[in-house]
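An overview of the molecular structure
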Amino acid sequence: MLSTGGNEVDEAVASTVALLRQALDRDWAEINAGPLEWSCRQTAEHVASDLIAYAGQLAGRAQSAYTPFSITIDGREDGLDAADNAGILDVITTTGALLTAAIRTAPRDARGFHPYPFRSANREGFAAMGIAEVLLHTHDMAEGLGLPYEPPPHLAEFVLTRIFPAVRPGPDRWQTLLWATGRADLPGRARLTEWRWSNNLVLDTERLRLEGVTPAAAADLSAGGTGGFDWIEDGPFYGTREAAGMLIKSYEAGVHRPEFGLFVLVRREDDRAVGGVGFHGAPDEEGKAEVGYDLAEPARGNGYATEALRALTERALARDDVRSLFATIKPSNAPSQAVIARAGFVRVSEKVDEEGLQAYELRG
């Protein structure tokens, strides 16, 4: 079963606390956290602040901005003594547990505000962001404190496959994550000076949510799993699984762009997945991209494919790098021809390949 991230948050926090307990006798306020301008104490406080912020965003379902609250770590219960290093670690443990609780209790469709890049994140996204903050800033603090640190590789894998979909995975997932965040070199890749993670894109229509599929979900779908979605009977259809496999190949080649990936069609009324829609890859040099779609059989005949395709094509053609979209359909597939026609495509050629498929195009 595809993990939603609660166990991974727990594991990341526990590994951080265990490492930093080795340096409780050091003055964290006087030691810089590796290349950061923050001290180790400021960095540890930042980690705790991020964990509680993500827990709050997910639990409260904030939709338009960060919930206006912050955490202060400045004293003991009696207010007389500044919190020591052990106290800061207690706060990190507590805030990590709160994020884990928010992830485990949030419904599958829960989303909260986060600005990068599509202004929302789901429970896996908040888990991945929380894990990233813990792992990366532990790396920074460990460098400053002179402690060796390398987290379990599956934690870096969790982060990369949820919020770094455009980063080509390397053989060493931890080094790849360090490279993706400007902290390390990788052979054959230029050192990054700017970076930003990417939560999955969601498009809303009248009856559907088009939920962008992450590399983690695509791998699960391609292997015969659900991708973390609650499918109706007979779903997903084989076309969605094939599209998930195409996404994984693009991801492994480092050419995947999440805006031009696979989207699962989820009914808003009951949070059930009914089909898939998306692109066969990013647009070519001429600004041309191919689209595809399918529905589980029980969902057909309700206009879902048309509704989804219209939303997807409208967003794509509003971009500067897309000039036209096309699809290929078997001449015998009358329902698919009807969908593509209702979405505004027109037939432009006959028998474009050995299978006798016909090509349809929609220009911006």
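Residue numbers run consecutively from 1 along every chain, following the written order of its sequence. In keeping with the model being predicted, local features are shown solely for residues with a pLDDT of at least 70 and side-chain atom pairs are shown and tallied solely at 80 or more, while totals for entire chains, interfaces and linings include all residues. Only heavy atoms go into the side-chain values, all of them from the structure, while hydrogens and water stay out.

**Observations regarding the overall build of the chain**
In DSSP terms, a helix is any run of H or I states spanning at least four residues, a strand is any run of E spanning at least two, and both are numbered starting from the N terminus. Secondary structure assignment for the chain yields 10 helices and 10 strands. For 364 residues, the compact-globule estimate of 2.2 N^0.38 gives 21 Å, and the chain sits close to it at 23 Å. Each principal axis of the C-alpha atoms in the chain carries an extent, and together these give about 80 × 45 × 35 Å. Expressed as a percentage of the 364 residues in the chain, the buried residues total 53%. Counting contacts in the chain only where the partners sit at least 6 residues apart, residues at least 24 apart contribute 64% of the total. Using C-alpha atoms as the atom set, the radius of gyration is obtained and then compared with a globule rule of 2.2 Å times the number of residues to the power 0.38. Under the scheme applied here, a residue whose accessible area is under 20% of the maximum for its type counts as buried, over 50% as exposed, and between as partly exposed, the area being computed with a 1.4 Å probe on protein chains only. Working rule for contacts: check all heavy atoms of both residues, and any pair within 4.5 Å makes them a contact.

**Some words on the pairing of strand β10 (residues 358-363)**
Burial within β10 is extensive, with 5 of its 6 residues counted as buried. Pairing between two strands is assigned when DSSP locates at least 2 bridges connecting them. Across 6 bridges, the pairing between strand β8 (residues 324-329) and β10 is antiparallel. In the sheet register, A327 faces β10, and the bridge partner there is Y360. Sheet analysis places strand β9 (residues 346-349) next to β10, joined by 3 bridges and oriented antiparallel.

**Some thoughts on the sheet that holds β10**
Spatial strand order, β3-β4-β5-β6-β7-β8-β10-β9: 8 strands in an open sheet with mixed pairing. Either end of the sheet is taken by a strand with one partner, and the two such strands are β3 (202-204) and β9. Averaged over all adjacent pairs, the angle separating strand axes in this sheet is 30 degrees, with direction ignored. In the sheet, β3 pairs with strand β4 (residues 208-212) via 3 bridges, with the strands oriented antiparallel. Its bridge partner lying in β4, D204 is registered against R209. Its contacts with the sheet put helix α10 (residues 334-342) on β7 (288-295), β8 and β10, and the angle it makes with β8 is roughly 165 degrees. For helices, the axis comes from a line fit to the C-alpha atoms of the stretch in contact; other axes are also lines fit to C-alpha atoms, and the angle between any two N-to-C directions lies between 0 and 180 degrees.

**A look at helix α3 (residues 85-105)**
Helical geometry note: an α-helix holds 3.6 residues per turn, so side chains three or four residues apart project in the same direction. Expected helix span is given by 1.5 Å per residue-to-residue step, counting one fewer step than there are residues. In this model, α3 (21 residues) spans 31 Å end to end at C-alpha, consistent with the 30 Å of a helix rising 1.5 Å per residue. If you check which residues of α3 are buried, you get N85, G87, I88, L89, I92, T95, G96, L99, T100, A102 and I103. Buried residues along α3 sit in contact with α1 (6-20), α2 (40-60) and α4 (123-145).

**So, the side chain of E211**
Relative to the elements of secondary structure, E211 occurs in strand β4. Polar side-chain contacts of E211 include one of 2.7 Å to the side chain of R108. For E211, the contacting residues outside a window of four places in its chain are R108, L201, V202, F229, L262, F263, V264 and V266. Under this definition, polar contacts are N or O atom pairs within 3.5 Å; protein pairs additionally need one hydrogen-donor-capable and one acceptor-capable atom, and for neighbouring residues in sequence, both atoms have to be side-chain atoms.

**Regarding the environment of R119**
As for its placement among the helices and strands, R119 is situated in the loop between β1 (111-112) and β2 (121-122). Classification of R119 as partly exposed rests on a relative accessible area of 47%. In the structure, R119 is positioned 83 residues away from V202 in sequence and 9.6 Å away in space, judged by C-alpha atoms. In this structure R119 touches Q63, S64, G112, F113 and H114, once residues within four positions along its chain are discounted.

**So, the pairing of strand β6 (residues 273-279)**
Buried residues dominate β6, accounting for 7 of its 7 residues. Relative to β6, strand β5 (residues 262-267) runs antiparallel, the two being bridged by 5 bridges. Looking at β6, one finds that L262 is bridged to G278. The turn linking β5 back onto β6 is made up of 5 residues, and D271 within it adopts a positive phi angle of 60 degrees. Note: β6 against β7, 5 bridges, orientation antiparallel. Each residue of the ladder has a partner; that of G275, found in β7, is L295.

**What about the packing of α4 against helix α6 (residues 173-180)?**
Between two packed helices, both the angle of their axes relative to each other and the distance between the axes serve to describe the pair. One can describe the packing of α4 onto α6 by two numbers: an axis separation of 11 Å at closest approach and a directional angle of 85 degrees. Judged by the angle between their axes, α4 and α6 are roughly perpendicular. When α4 is examined against α6, the residues L135, L136 and H139 are found in contact with a partner set consisting of W174, L177 and L178. We call Asp, Glu, Lys and Arg charged. Ala, Val, Leu, Ile, Met, Phe, Trp, Tyr, Cys and Pro are nonpolar, and the rest, Gly among them, are polar. When the residues that make up the contact of α4 with α6 are grouped by side-chain class, the tally is 5 nonpolar, 1 polar and no charged. Any angle that is under 35 degrees is reported as roughly parallel, and any over 145 degrees as roughly antiparallel; angles of 65 to 115 degrees are reported as roughly perpendicular and all others as oblique.

**What to know about unusual backbone geometry**
Put simply, Y116 and P117 share a cis peptide bond, and its omega is -15 degrees. Within the secondary structure, P117 sits in the loop between β1 and β2. Going from G235 to P236, the amide bond is cis rather than trans, its omega being -5 degrees. Tracing the sequence through the fold places P236 in the loop between α7 (215-222) and α8 (238-253). A positive phi is found at R61, a non-glycine position, where the angle reads about 60 degrees. Position of R61 relative to the elements: it lies in the loop between α2 and α3. You can call R61 partly exposed: its relative accessible area is 31%. You will see that D271, though not glycine, has its phi angle at about 60 degrees, which is positive. Relative to the helices and strands, D271 resides in the loop between β5 and β6.

Honestly, it's all geometry; don't read function into it.
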